[in-house]
Amino acid sequence: MAYVAVKGGERAIRNAHTWLAEERRGDPAVPDLGLDQIREQLGRAIDRVMAEGSLYDPDLAALAIKQAQGDLIEAAFLLRAYRTTLPRFAHARPVDTAAMRAARRISAIFKDLPGGQTLGPTYDYTHRLLDFELAENQPPPDAPRAAPDLSPVPRVPDILGREGLLEADGPMDAEPGDLTREPLSFPAGRDIRLQALARGDEGFLLAMGYSTQRGYGGSHPFAGEVRMGEVSVEIEPPELGFAIDIGDLTVTECQMVNQFKGSKTQLPQFTRGYGLVFGFSERKAMSMALVDRAMRAEELGEDVTAPAQNPEFVLYHSDNIEATGFVEHLKLPHYVDFQSELQNVRRLREAVERREAAE
Amino acid sequence: MFAVCVRRWNGGRRRSDADCYDNSTIFIPHCPRGTFMKGYNFAYLDEQTKRMIRRALLKAVAIPGHQVPFGSREMPLPYGWGTGGIQVTASVLGRDDTLKVIDQGADDTTNAVSIRQFFARTAGVRTTTHTGEATVIQTRHRIPEETLRENQIIVYQVPQPEPLYRLEPSRVETKRMHALADYGLMHVKLYEDVARLGQISISYDYPVMVNNRYLMSPSPIPAFDNPKMNRMPALQLFGAGREKRIYAIPPWTEVRSLDFDDHPFRPINAHQACGLCGATDSYKDEVITDDLGGRMFVCSDTDHCEQRRAATVQRHGPARPGHRAVSGPSDETGDDGSGAPRHGEAATP
Amino acid sequence: MNIGLEAGFADPVPDAQRCFRAVLDAMAHPGRIAHAAGVTAPYPLGTAAAAVVLTLVDHETPLWLDSDAATARQWIEFHCGAPVVADPAACGFALALALPDLRRLPAGSHESPETSATVICQVASFDTGTAYRLSGPGLREPAVLTVQDLPRDFVSIWRRNHALFPRGIDLILCAGDRLTALPRTVAIEEV
Ligand SMILES: [Zn+2]
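The rules we used
- Residues numbered from 1 in each chain as written.
- Chains lettered and ligands numbered in written order.
- Predicted model: local features only at pLDDT ≥ 70, side-chain atom pairs only at ≥ 80, totals over all residues.
- Heavy atoms only, no water.
- Helix = DSSP H or I, 4+ residues; strand = E, 2+ residues; numbered from the N terminus.
- Rg over C-alpha atoms; globule rule 2.2 N^0.38 Å.
- Buried < 20%, exposed > 50% of the residue type's maximum accessible area, 1.4 Å probe, protein only.
- Contact = heavy atoms within 4.5 Å.
- Areas by Shrake-Rupley, 256 points an atom, 1.4 Å probe, with all protein chains shown as cover.
- Pairing = 2+ DSSP bridges.
- Axes fitted to C-alpha atoms, helices over the stretch in contact; angles between N-to-C directions.
- Patch = residues over 30% accessible without salt bridge, like charges linked within 9 Å, V, L, I, M, F, W, Y side chains within 5 Å.
- Salt bridge = Lys/Arg side-chain N within 4 Å of Asp/Glu carboxyl O.
- Lys, Arg positive; Asp, Glu negative; His and termini not counted.
- Charge placed at Lys NZ, Arg CZ, Asp CG, Glu CD.
- Buried area = accessible area lost by both parts, 1.4 Å probe.
- Polar contact = N/O pair within 3.5 Å; in protein donor to acceptor, adjacent residues only side chain to side chain.
- Nonpolar A, V, L, I, M, F, W, Y, C, P; charged D, E, K, R; others polar.
- pLDDT = per-residue confidence, 0-100.
- Core = buried A, V, L, I, M, F, W, Y, C linked by side-chain atoms within 4.5 Å.
- Phe/Tyr/Trp six-rings, centres within 6.5 Å; stacked < 30°, edge-to-face > 60°.
- Lys NZ or Arg CZ within 6 Å of the ring centre and 35° of its normal.
- Donors = N, O, S within 2.8 Å, 3.2 Å for Na, K, Ca; no water.
- Tetrahedral: all angles 85-135°; square planar, octahedral: opposite > 155°, others 65-115°.
- Parallel < 35°, antiparallel > 145°, perpendicular 65-115°, else oblique.
- Left-handed = near helix turned anticlockwise from the far one by under 90°.

A.B. asks: For this particular structure, what's the right way to read the overall build of chain C?
C.D. replies: Counting its regular elements, chain C contains 4 helices and 9 strands. Ordered by position in the sequence, the α and β elements of chain C form the string α-β-α-β-α-β-β-β-β-α-β-β-β. What you see for chain C is a C-alpha radius of gyration of 16 Å, in line with the 16 Å of a compact globule of 191 residues. C-alpha atoms of chain C, sized along the principal axes, occupy 45 × 35 × 30 Å. Counting across all 191 residues of chain C, residues that qualify as buried make up 57%. Here the analysis covers contacts within chain C between residues at least 6 apart in sequence; of these, 65% occur between residues at least 24 apart. For chain C, the accessible surface area stands at approximately 7300 Å², while carbon and sulfur atoms represent 48% of it.

A.B. asks: Explain the pairing of strand β7 (residues 170–175) of chain C to me, please; I cannot follow it from the model alone.
C.D. replies: Working note: regular strand, side chains alternate between the two faces of the sheet. Residue and element names in this part refer to chain C. Counting buried positions over the 6 residues of β7 gives 6, a clear majority of the element. Taking every second residue as pointing to the same face, both faces of β7 are buried, with Asp170, Ile172 and Cys174 on one and Leu171, Leu173 and Ala175 on the other. The sheet contact formed by strand β4 (residues 118–122) and β7 spans 5 bridges and is parallel. When the sheet's bridge partners are listed, glutamine 122 is paired in β7 with cysteine 174. Across 5 bridges, β7 lies against strand β8 (residues 178–182) in antiparallel orientation. Following the sheet pairing, cysteine 174 is matched in β8 by leucine 179. In this structure, the hairpin formed by β7 and β8 is closed by a connection of 2 residues, where glycine 176 is found at a positive phi of approximately 60°.

A.B. asks: Please explain the sheet that holds strand β5 (residues 271–278) of chain A as it appears in this structure.
C.D. replies: Residues and elements named next belong to chain A. Strand order across the open sheet formed by 4 strands is β2-β3-β4-β5, with antiparallel pairing between neighbours. For this open sheet the edge positions go to β2 (101–106) and β5, each flanked by a neighbour on one side alone. Recorded for the sheet is a direction-independent mean angle of 20° between the axes of neighbouring strands. One ladder, built from 14 bridges, connects strand β3 (residues 221–235) with strand β4 (residues 244–258); its direction is antiparallel. Each bridged residue has a counterpart across the sheet, and for valine 233 the counterpart in β4 is glycine 247.

A.B. asks: Quick question: what am I supposed to make of a negative patch on the surface here?
C.D. replies: Taken together, the side chains of Glu350, Glu353, Glu356 and Glu359 of chain A define an acidic patch exposed on the protein surface. Inspection of the secondary structure assignment puts glutamate 353 of chain A in helix α13 (residues 335–358).

A.B. asks: Honestly, the interface of chain C and chain B in this entry has me stumped. Any pointers?
C.D. replies: One frequent convention defines the size of an interface as the accessible area lost when the parts assemble. Listed by partner, the interface residues are 48 residues for chain C and 50 residues for chain B. Buried area between chain C and chain B, both sides added, is near 3800 Å², and the carbon and sulfur share of it is 59%. Considering only the surface of chain C that becomes buried against chain B, Val13, Glu111 and Glu114 of chain C emerge as the three largest contributors, covering 16% of it. One can count 6 salt bridges joining chain C with chain B. Across the salt bridge formed by aspartate 58 of chain C and arginine 51 of chain B, the nearest N and O atoms sit 2.7 Å from each other. Linking chain C with chain B are 20 residue pairs in polar contact (both at pLDDT 80 or more), by the criterion used here. Where the side of chain C that touches chain B is concerned, the elements lending two or more residues are α1 (12–28), α2 (47–56) and α3 (73–80) of chain C. Among the elements that take part in the side of chain C that touches chain B, α1 of chain C stands out by supplying 13 residues, more than any other. Class assignment for the residues of the side of chain C that touches chain B results in 22 nonpolar, 14 polar and 12 charged.

A.B. asks: Explain the confidence of the model for chain B to me, please; I cannot follow it from the model alone.
C.D. replies: Note that predicted coordinates carrying low pLDDT should not be read in detail. The share of residues in chain B with pLDDT of 70 or more is 80%, and the mean pLDDT across the chain is 83. For residues 1–34 of chain B, every residue scores under 50 in pLDDT, and the model assigns this stretch 93 contacts once sequence neighbours within four places are set aside.

A.B. asks: Just checking my understanding: could you explain the nonpolar core for this structure?
C.D. replies: One recurring pattern in soluble globular proteins is that nonpolar side chains are buried together. Residues Val92 and Leu237 of chain B together with Val52, Ile76, Leu95 and Leu179 of chain C are the most contacted members of the largest nonpolar core, which totals 74 residues. If one sorts the elements of this core by residue count, α1 of chain C sits on top with 10 residues. Contact partners of isoleucine 76 of chain C, with chain neighbours within four places excluded, come to Val53, Leu63, Leu65, Gly81, Ala82 and Leu95 of chain C. In terms of nonpolar packing, the next biggest core, distinct from the first, is built from 52 residues, Ala62, Leu197, Phe204 and Ile235 of chain A among them.

A.B. asks: What's the story with the packing of aromatic side chains in this structure? I'm lost.
C.D. replies: Geometry of an aromatic ring pair is reported as the spacing of the ring centres plus the angle between the planes. If you walk through the whole model with that rule in mind, you get 11 aromatic pairs over all chains. Among the aromatic residues, those joined into a cluster by ring pairs are Tyr44, Phe118 and Phe119 of chain B. A cation over an aromatic ring shows up here: arginine 213 of chain B above the ring of tyrosine 214 of chain B, its NZ or CZ 4.3 Å from the ring centre. One cation-aromatic arrangement involves arginine 242 of chain B over phenylalanine 326 of chain A; the distance from NZ or CZ to the ring centre is 3.5 Å.

A.B. asks: Could you clarify how one ought to interpret the coordination of the zinc ion in this entry?
C.D. replies: Each pair of donors in an ideal four-coordinate tetrahedral metal site encloses 109.5 degrees, whereas pairs in an ideal six-coordinate octahedral site enclose 90 or 180 degrees. Residues and elements named next belong to chain B. The coordination sphere of the zinc ion contains the protein donors Cys274 (SG), Cys277 (SG), Cys299 (SG) and Cys305 (SG), at a distance range of 2.1 to 2.3 Å. For the zinc ion, the 4 donor atoms in the first shell make angles of 105 to 119° at the metal, a pattern classed as tetrahedral. Donor residues for the zinc ion sit on one chain with the sequence pattern C-x2-C-x21-C-x5-C. Residue cysteine 274 is located in the loop between β11 (255–257) and β12 (284–288), and its partner cysteine 305 is located in helix α8 (residues 302–316); the two are separated by 31 residues in the primary sequence.

A.B. asks: What is the right way to read the pattern of salt bridges from this model?
C.D. replies: Side-chain pairing between opposite charges can occur once the charged atoms of the two side chains come close. One pass over the structure, following the stated rule, counts 53 salt bridges over all chains. Residues glutamate 234 of chain A and arginine 93 of chain A are paired through a salt bridge, measuring 3.5 Å at the closest nitrogen-oxygen approach. In this pair, glutamate 234 of chain A sits in strand β3 while arginine 93 of chain A sits in the loop between β1 (88–91) and β2, placing the two residues 141 residues apart along the sequence. Classification of glutamate 234 of chain A by relative accessible area gives partly exposed; the value is 30%. Given a relative accessible area of 35%, arginine 93 of chain A falls into the partly exposed group. Taking the shortest distance from any N to any O, the salt bridge between glutamate 286 of chain B and arginine 295 of chain B comes out at 3.3 Å. You can call arginine 295 of chain B partly exposed: its relative accessible area is 44%. If you follow the salt bridges from partner to partner, you end up with Arg80, Arg199 and Asp319 of chain A together with Glu74 of chain B in one network.

A.B. asks: Got a minute to help me understand the packing of helix α3 (residues 83–92) of chain B against helix α4 (residues 110–123) of chain B in this structure?
C.D. replies: Residues and elements named next belong to chain B. Contact pair α3 / α4: the axes reach a minimum separation of 12 Å and the direction vectors enclose 30°. Relative to α4, the element α3 lies roughly parallel. In this structure, α3 crosses over α4, and the sense of that crossing is right-handed. Of the residues in α4, those in contact with Ile86, Thr89 and Ala90 of α3 are Ile115, Phe118 and Phe119.

A.B. asks: So what exactly am I meant to see when it comes to the sheet that holds strand β1 (residues 34–35) of chain C here?
C.D. replies: Adjacent strands of a sheet form backbone hydrogen bonds with each other and so pair up, either parallel or antiparallel. Residue and element names in this part refer to chain C. In space, the 6 strands of this open sheet follow the order β1-β8-β7-β4-β3-β2, with mixed pairing throughout. On the outer flanks of this sheet lie β1 and β2 (63–65), each paired with one strand and no other. Bridging between β2 and strand β3 (residues 93–96) involves 3 bridges; their strand directions are parallel. If you follow tryptophan 64 over to β3, its bridge partner there is alanine 94. Packing of α2 onto the sheet brings it into contact with β3, β4, β7 and β8, and relative to β7 it is tilted by some 140°.

Below, the structure written as structure tokens:
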């Protein structure tokens, strides 16, 4: 019988898994990739997986990347699934990015400013020429060092804010929501929107942010400040009554400053779009800030015409773990429904043929 | 502000009994069927998540057909592959349950095998392929042919719980429509079908009215299965993980497929009898047997077909050879006895 | 602090699962009597009421207690971590030894009828008392449930609740180690 159903028992699945493991390892003559190598040398991949996996743990991210053969969405999925099983023993206090030990800090809206401009380890001004010396495993040249300046660098929006030219941060008293515990509902508060964006797919946010620059919901953005560095995470156990430092995170923050013409009740001033992402990911932090600002259109009395301005559209489609699962589920068997459609189309065709024969 | 998770629970303040089971390191030592995965709670989900889902399930049963939002968790299987059904099953399942998992009506389709393995590993429960033996049946795309009993629970995997989504993509809008029981859009769609095609053209995921109040997606089962939902003796639970919705139909509840008086609901099925067991009243898969147009029709419900054939063998002796190549036994080895290669089996290049 | 407090479930994972299935079974078959076990109930709660609380209530569910049930407050707070609220309108669950005024409890909205309260009400008995005829989803044919201790005008109270559908309160009744449920969908009349 020629029919081979796409039905596999446990053995088929097991075989597929062992084949996958072999393929993952590649040529055994090539040394196995260590997690420390991934963590140390594929830092941007680690950062992306931690951000989209919504779990800050470089070692686990390295394992996930290795296990997923460098498929970063698959790796983020591994982290997410693991994250679900972790107990929550406390909620952190809001991290204070003004107290960041910044490795990079730039502002596009002032030539110079208190704290200065720090380029940091950026690709920005590299010429994108393949470096064949890197292929030969040449050690990098020594980077010049200076005594670390640990004084906090004021945030540019805070400087602008003193003049009232920039809207203030919203009130902070309410407990922020958590869409990993409570499903999205609308209207979604800015806390939830920002959480969704911070976990969202970098490519999706990039495309959405880009679309606002091309006229689909434009908001005249200026990169008020982009900074990257370490912040402290603090918790305040109720039995202690004071905050304790439990560790450091590297984050990238972007504050976009956008024009706002003002309204009957409000003087013209600048508004903000905000981006904050685990690790060093400027592309995502900036995209996030653009999309955050675009989604505030309704709140600020602007016309809502573009996809990026529609929170329901953005939030329901920004999560790549949800998206990849549902897109890829189309490869699961659907033959029962297809059979229904086959019979249906046959029935419709018969009906038409009968009608034509009768005419 | 974000939650701080720990990789290993190492003390901390014990807030309540509930909390100390609410983590990944608790291993329940006494499981009669032994081995379930070390480091995870019974049936994978932590107790806090189960309580949340159980509360949603009770509300769902109390409001038949209404989609109850729930804090769907990220499961170790992809969204769209049954994460909603798995979470519902995990919250319902106990040590004494017997679980059956089907996909497309078959116990041995890859995803059914994978989900059954998941529960065998994480809950150590007894599994079966026989509809009659199961206390909990998780399904994707079919309702078994055998009439389900009172005290059985059927859990449907639901990709898209919103029956109106093709007509109105905004969930803010559809939620309002459900609140007002305003289903005009759907009636217009069906009416347009009739006007244009002379009949309603939906062949699966055919919308139903539950208890005369809520328009509901029956999940992508063929319309053929819709009548089984009406006044079903078993409890029907629906889980949509990615869309984060749970809904339910209590036993003996009226479930009506939408139609018009002059165009009554007509389920679709192949006219042919099953090529293996001869059943005429079961839903059929169309199986292409060669590339010259040859095909046969066989029961989509593999357990139903096997039971019928087994009964025939008892009466008339062994059936003709070749039968097993199509549906195969649903034993866990995946060996179909036909020697025919199966998908994905050639492991080493 | 827990000296003198009764224990929670003896075997929390399977005990909670069994109790949940009992409640689910009762909710799916209104008026069907199910059993609960596995817990030493604190005064004045019976086994069923205590088990249902342990099974469904936790720090995510604001709980309102009537004055009698409040006797068990310490036990509930210790085992469930539930925030006890003074305002019945703010609760997700209400635990009571006499049927509270359902109009003071949240009945949910038309868009989100699932946000209504669930009342866990301990009664004296399912063997003696008033007989009620139940009909609705979950019931193949009308069923009879006997309950001791519901208010004299329970049928009209319930009629008002039932008429709110899809909004409305759901009721879990507990007597000793037995329980049953009356979802908002069930129509009730006196036999
Ligand atoms: Zn057959």
